[in-house]
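Commentary on secondary and tertiary structure
The lines below spell out each chain.
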Amino acid sequence: MTMPDRLRAASANLVEAPRVSADALASARAEQDRMANAIRALAMDAVEQAKSGHPGLPMGAADIATVLFSRFLKFDPADPTWPDRDRFVLSAGHGSMLIYAVLHLLGYEKVTIAEIKRFRQLGSLTPGHPEYGHTPGVETTTGPLGQGLANAVGMAIAERHLTALFGADIVDHFTYVLASDGDLMEGISQEAIALAGHLKLRKLIVLFDDNGVSIDGPLALADSVDQVKRFEAAGWAAMRVDGHDPEAIARAIAAAQKSERPSLVACRTTIGFGAPTKGGTEKSHGAPLGPEEIAAARERLGWSAPPFEIPAAIREQWRAAGERGRPARLAWQKRLVQLPAGERAEFERRSRGVLPAEQLAAAARAVKAKLAETPKEIATRAASELALDALTPALPEMIGGSADLTGSNNTRVKGMTVLSAADYAGRFIHYGVREHAMAAAMNGIALHGGIIPYSGTFLIFSDYCRPAIRLAALMRQRVIHVMTHDSIGLGEDGPTHQPVEQLAALRAIPNLTVFRPCDAVETIECWQLALETAHGPSVLALTRQNVPQLRRGLDQDNRCAGGAYELVAADAGAAAVSLFATGSEVAIAVAARKLLAERGVAARVVSVPCFELFLAAPAAEHAAVIGDANVNVAVEAGIRQGWDAIIGSNGAFVGMTSFGASAPYKELYQHFGVTAEKVAEAALAHLRNLKGDGTCRFA
């Protein structure tokens, strides 16, 4: 079947538009063309002025965007964060001038023509790729292809869940995605569409800019997938349309809105539409068109306005489109006010991302009180489950999950029902073996608002989650990753599953908080801190093996809040050695302190559950915890990278310098020298190298 045949066949299945006169159709088409050409003109001009950018997608997808924003999308520029607005995700973030042009034309106050002229310039609201929290109207940070599509799956999950809780009068909106060939080639897209199809997320509509061109040239150089069949195989409704026929696009979106499944609309477009020699080729993809090509494109499109100028009539048409959603927002506000006071307060609290502080504090205290009364020698992953048993009832906005490792990650507590196509009110998501999409969908859930997502996998698979974790950090989203099996302590599964460099790699991400608690008490404290970290993601690195409860008694304060603290003081007088450790190695440090005491060396133990909190502490607090011992020694079953900020470049480190091995975990700790004896030896060796006062404390 040829492309025209496929388009006709697809169009035959769409909702018929009301019959109108030929003159009316021609007039409507001319208006749509003028509105779309405004997008094209701004994209050409901004990219040319910046001497950098991607004009091809905005020019090719302008008709799609015009139809969507002027006829379907529910939004109000006067309130960009209205909770029941439709979400629009430009997954193809390189085409950022599309969204910037649309936001400006619709009347988003801060997206001025001056900002359009400053495209890709330092401090502008029009950066190279859309950034959440930076530009009003941008729902998520995109650019790494495929991430936006997976974010949208999370947004659609959040919409279905909140609809189940608060009703369709309060939560009832669509999530739209504009995706490129590149988005669909990235592996994360398969994970994302499979999850969406399985959950039957019918309020999710993907508009595929099917232009057949990539940066290298024709898409056929690298890809021959039939995307419609692919999406259908994943449980989606899918159709093809002419991406430059506004009425065909409108019929397709209308049909998608009525579907009981998520929908793909593959819109066949011409990249760089209107550019006479570069349109339809890779030459319009990622570089300015140049003055001559722009002049010729203006002539072909019938656009005579000077650069960055929008004719008044066209601007009024766009502003009218921007005003279209205001009545819906005002009606929604009336419905919200009519809710019972308690239900309204709960919806508004969750929408603002405000924690129920008293309930959270009480839940954490209750767990700590039980542990003070009955200490537990358990794995910190099991301690995390104890924490969740108390936290999830106190914070109904928490939704958990796991990447097919529920029993290993301990992220599903008793009584937590599964979120499924049959019950969107459930609070646990089975993501399947899809770590990439899981992490990105969690970002979308958090971005949507009203929910705090957490989910689990093994720490080694943080490498699969890393792109989404980095974006969560960039967007400052409260997303919590439970990552168990955090060292060679997982044992027999061997080096493929034993994290060595992962802790250091995660700690290197700005605005990510990494917790590695040493026992059950620290675990509940770290959970509390992760939940209270409203403007950034967190990772809880947890053990597979049991660890002793080192914190005895009941501390009213959260001792982990400073990132590090003295767990065990020196027996008498000043310490000659300070021992620093995280997680399961804190117990090793405590045992090493005892060995040093037997040699007449006074040592103290500092637990460091969170580097980021510790390094951010006031200088005086930081110095007090570091202390003034002659020798600093750190022990962690990972690499040294990052530790020098705490122990200094002259400090000793006991840890890993290679990959692990397959064996019982106790044998592995002996084999790799991550033991109390090796820690004590390192301290003694450093003391021997000291001169003057340093030797007088060592027998």
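Throughout what follows, the structure given in this document is the object of discussion. (Residues numbered from 1 in each chain as written. Predicted model: local features only at pLDDT ≥ 70, side-chain atom pairs only at ≥ 80, totals over all residues. Heavy atoms only, no water.)

**Comments concerning the packing of aromatic side chains**
By the definition in use, this model includes 15 aromatic pairs. Judged by centre distance (6.2 Å) and plane angle (65°), the ring pair of Tyr100 and Phe119 falls under edge-to-face. In this pair, Tyr100 is assigned in helix α5 (residues 96-106) and Phe119 in the loop between α6 (113-117) and α7 (147-166), connecting sequence segments 19 residues apart. When the centroid spacing of 5.9 Å and the interplanar angle of 35° are considered together, the rings of Phe174 and Tyr176 count as tilted. Among the aromatic residues, ring-to-ring pairing joins Phe69, Phe75, Phe88 and Tyr108 into one connected group. (Phe/Tyr/Trp six-rings, centres within 6.5 Å; stacked < 30°, edge-to-face > 60°. Helix = DSSP H or I, 4+ residues; strand = E, 2+ residues; numbered from the N terminus.)

**Quick word on the sheet that holds strand β7 (residues 263-268)**
Ordered in space as β1-β2-β3-β7-β6, the five strands form an open sheet in which the pairing is parallel. Looking at strand neighbours, the two that pair on one side only are β1 (87-90) and β6 (237-242), the edges of this open sheet. Mean inter-strand twist for the sheet, computed between neighbouring axes without regard to direction, equals 20°. Bridge count for β6 against β7 is six bridges, and the pairing is parallel. (Pairing = 2+ DSSP bridges. Axes fitted to C-alpha atoms, helices over the stretch in contact; angles between N-to-C directions.)

**Side note on the pattern of salt bridges**
Note that side chains of opposite charge can pair when their charged atoms are close. Applying the stated criterion across every chain yields a total of 29 salt bridges. For the salt bridge of Arg349 with Glu346, the shortest nitrogen-to-oxygen distance reads 2.9 Å. With Arg349 and Glu346 both in helix α15 (residues 341-352) and three residues apart, this pair spans about one turn of that helix. Exposure remark for Glu346: the relative accessible area of 24% places this residue in the partly exposed category. (Salt bridge = Lys/Arg side-chain N within 4 Å of Asp/Glu carboxyl O. Buried < 20%, exposed > 50% of the residue type's maximum accessible area, 1.4 Å probe, protein only.)

**Some words on the environment of Ser402**
By the secondary structure assignment, Ser402 is in strand β8 (residues 398-402). On the accessibility criterion, Ser402 (0% relative accessible area) is buried. For Ser402 and Pro537, which are 135 residues apart along the polypeptide, the C-alpha to C-alpha distance reads 17 Å. Once residues within four sequence positions are removed from consideration, Ser402 is found in contact with Asn409, Thr411, Phe428, Ile429, His430, Tyr431, Gly432, Met438, Ser455 and Gly456. Here Leu405 takes part through its backbone nitrogen, which lies 3.0 Å from a polar atom of the side chain of Ser402. (Contact = heavy atoms within 4.5 Å. Polar contact = N/O pair within 3.5 Å; in protein donor to acceptor, adjacent residues only side chain to side chain.)

**Remarks on helix α16 (residues 357-373)**
End to end, α16 covers 24 Å across 17 residues, agreeing with the expected 24 Å (1.5 Å per residue, within 8%). For α16, every residue scored as buried is listed here: Leu360, Ala363, Ala364, Val367, Lys368 and Leu371. For α16, the angular spread of the buried residues around the axis is 125°, confining them to a single face. For α16, the exposed residues set more than 90 degrees away from the buried face come down to Glu358, Lys370 and Glu373. (Expected span 1.5 Å × (residues − 1). Arc of directions from axis to C-beta.)

**Things to note about the sheet that holds strand β18 (residues 652-654)**
Taken together, five strands build an open sheet; the order of strands is β14-β16-β15-β17-β18 and the sheet is mixed. Because the sheet does not close on itself, it has two edges, and the strands there are β14 (565-568) and β18. Going across the sheet, the axis of each strand differs from the next one's by a mean of 30°, ignoring polarity. Those strands touched by helix α23 (residues 585-598) are β14, β15 (577-581), β16 (603-607) and β17 (631-635), and its axis lies near 160° from that of β15. Docked against the sheet, helix α28 (residues 676-688) engages β15, β17 and β18, running at close to 155° with respect to β17.

Remember that the coordinates give geometry; whether it matters functionally is a separate question.
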